[in-house]
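One-letter residues, chain by chain:
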Amino acid sequence: MLHRAAYAELGLDWTYDAYELAADDLPAFLDGLDRRWRGLSLTMPLKRAVLPLADAVTDRAAQAAAANTLVLDGRRRTGHNTDVPGAVAAVRERYDGPLDRAVILGGGATATSTMLALADLGCADVTLMVRDPARASEVLAAAGRHPRRPAITVRHLADGPVDTDVLVSTIPASAQDDEVLRLAEPAGVLFDVVYDPWPTPLAAFAWSSGRVLVAGLDLLAHQAVLQVELMTGEHGLPVDLLRAAGRDALAARG
C-alpha cells in the first residue's frame with residue numbers, strides 16, 4: 001500500500017504486488033522477469049539470498065550483507081539497502097541530539113541494519129542484548145565492515161539495564177515483558193521497529209514516560225520512500241504520504 005500510494009502521487013500507472021518465494025526459488029523467479037519489471041522489495045531470507053544473484057551491490061548492502069531492494073535496469077540487477085538510511089532518517093525525524101551509546105534488543109538482520117544506522121549517526125558504543133549469544137554474530141561482523149567500527153558488547157537480555165542514549169527493540173511485541181521494559185528505563189530515545197500490532201508495550205511505555213519514540217511505521221515509510229526513488233528516479237516524495245497509507249492499511253486490518 002505504501003508503494004501504491006507513491007505511484008498514485010507520482011501519476012505512474014505502475015503495479016506493486018506481493019509474491020511468496022522460498023530462497024531456492026529466487027533465481028528462477030528473477031530469470032523469468034521481463035523488461036517491464038523495475039524492481040523488487042525483499043524480506044528475509046531473500047535479502048541475503050539475492051546478493052550473489054545481483055550484478056552489482058552497493059557499499060551499504062555489502063556492509064549489511066543484505067539487500068532489501070533490487071533495482072532492475074534492463075538485464076542489469078543492482079542490490080541496494082534502504083533499511084539503513086531509512087533508519088537514520090526515521091531517528092533524525094524524531095530526535096536531532098547526540099547518540100553516543102546505544103542498546104539493541106535482539107540479533108539478526110534488523111538488529112544489523114539499525115546498528116549500522118546508529119554508527120552512521122555517530123554512535124561508538126553499542127550493547128547488543130540477546131537471549132542466544134549466537135544471534136550476535138551477524139551484528140559483530142557488520143560492525144567490522146563499518147568505517148567507524150563501533151564497539152559491540154554482547155549481553156544477555158536478563159542481565160539488566162545499561163546506561164544508554166537510545167534503545168532499539170527488534171523483538172516482537174509479545175516478548176516485551178516487564179523485564180524488557182526495565183531495560184528501556186535509562187534511554188531517552190526508544191526505537192521500536194515493530195509496526196503491527198501497535199502500540200507495542202514499549203511504545204506505550206515511551207508515551208507514558210515522555211520519552212522520544214521512533215516507531216516501526218516511521219522506519220517502514222522512510223525506507224519505502226528511498227525504494228520508490230531508486231525504482232522510479234523521482235525524488236521529493238513526502239514521507240507523511242506513505243506513512244498515512246501504512247496507517248490506513250493497518251487500520252483496515254483491524
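Above this note sits the structure.
Residues numbered from 1 in each chain as written. Predicted model: local features only at pLDDT ≥ 70, side-chain atom pairs only at ≥ 80, totals over all residues. Heavy atoms only, no water.

Participant: Tell me about helix α5 (residues 83–94), residues and numbers included.
Facilitator: Along its 12 residues, α5 runs 17 Å from first to last C-alpha, staying within 8% of the 16 Å computed at 1.5 Å per residue. Every buried residue of α5 is listed here: D83, V84, G86, A87, V88, A90 and V91. (Helix = DSSP H or I, 4+ residues; strand = E, 2+ residues; numbered from the N terminus. Expected span 1.5 Å × (residues − 1). Buried < 20%, exposed > 50% of the residue type's maximum accessible area, 1.4 Å probe, protein only.)

Participant: An account of unusual backbone geometry is requested, with residue identities and associated values reported.
Facilitator: Geometrically, the link from D196 to P197 is a cis peptide bond, its omega value of 5° lying close to zero. Relative to the elements of secondary structure, P197 occurs in the loop between β9 (189–192) and α9 (201–209). Following W198, the chain continues to P199 via a peptide bond in cis, the omega torsion being 0°. Along the chain, the position of P199 falls in the loop between β9 and α9.

Participant: Give a detailed account of the packing of aromatic side chains, specifying residues and quantitative values.
Facilitator: Throughout the structure, instances matching the rule amount to 6 aromatic pairs. Ring geometry for Y19 against W37: centres 5.8 Å apart, planes inclined by 55°, an arrangement best described as tilted. Placement of the pair is Y19 in the loop between α1 (2–10) and α2 (26–31) and W37 in the loop between α2 and β1 (39–41), with a sequence separation of 18 residues. Grouping aromatic residues by their ring pairs yields a cluster made of Y7, W14 and Y16. (Phe/Tyr/Trp six-rings, centres within 6.5 Å; stacked < 30°, edge-to-face > 60°.)

Participant: Give me the lowdown on the nonpolar core, citing residues and values where you can.
Facilitator: Formed by 32 residues in total, the largest nonpolar core has its most connected members in I104, M115, L118, L128 and F191. The set of elements that each furnish at least two residues to this core consists of α5, β5 (101–105), α6 (109–120), β6 (125–130), α7 (137–145), β8 (166–169) and β9. Sequence-distant contacts of L128, that is, excluding residues within four places in its chain, are made with I104, G106, A111, A136, V139, I152, T153, V154 and R155. Ranked by size, the runner-up nonpolar core spans 18 residues in total, among them M129, L157, L202 and F205. (Core = buried A, V, L, I, M, F, W, Y, C linked by side-chain atoms within 4.5 Å. Contact = heavy atoms within 4.5 Å.)

Participant: Provide a residue-level description of the sheet that holds β8, including the pertinent values.
Facilitator: Taken in spatial order, the 6 strands make up an open sheet running β7-β6-β5-β8-β9-β10, and their pairing is parallel. Either end of the sheet is taken by a strand with one partner, and the two such strands are β7 (151–156) and β10 (212–214). If you compare each strand with its neighbour and ignore which way they point, the axes differ by 20° on average. Direction of pairing for β5 relative to β8: parallel, over a ladder of 4 bridges. Residue pairing across strands places L105 opposite S169, the latter belonging to β8. This element, α5, spans β9 and β10 of the sheet and lies at about 155° to β10. Along the sheet face, α6 touches β5, β6, β7, β8 and β9 and points at about 170° away from the line of β5. (Pairing = 2+ DSSP bridges. Axes fitted to C-alpha atoms, helices over the stretch in contact; angles between N-to-C directions.)

Participant: Explain α9 to me, and be specific about the residues and the numbers.
Facilitator: Within the sequence span of α9, burial applies to L202, A203, F205 and A206. Within α9, the buried residues cover an arc of 160° as seen down the axis, which keeps them to one side. Opposite the buried face of α9, at more than 90 degrees from it, the exposed residues are W207 and S208. (Arc of directions from axis to C-beta.)

Participant: Explain the packing of α5 against α6 to me, using residue names and the numbers behind them.
Facilitator: Between α5 and α6, whose axes approach to 8 Å, the crossing angle comes to 55°. Relative to α6, the element α5 lies oblique. The two elements α5 and α6 cross, and the hand of that crossing is right-handed. Contacts between α5 and α6 involve D83, V84, A87 and V88 from the first element and S113, L116, A117 and D120 from the second. Of the residues contributing to the contact of α5 with α6, the split by class is 5 nonpolar, 1 polar and 2 charged. (Parallel < 35°, antiparallel > 145°, perpendicular 65-115°, else oblique. Left-handed = near helix turned anticlockwise from the far one by under 90°. Nonpolar A, V, L, I, M, F, W, Y, C, P; charged D, E, K, R; others polar.)

Participant: Hey, could you go over the side chain of T164 for me, with residue numbers and the actual values?
Facilitator: With respect to the element layout, T164 can be found in the loop between β7 and β8. For T164, a relative accessible area of 5% corresponds to the buried category. When residues no more than four places from it in sequence are discounted, the contact partners of T164 are R101, A102, V103, P186, A187 and G188.

Participant: For the side chain of H146, give the residues involved together with the corresponding values.
Facilitator: Along the chain, H146 turns up in the loop between α7 and β7. Among all residues touching H146, those that are not within four sequence positions of it are R60, Q63, L116, A119 and D120.

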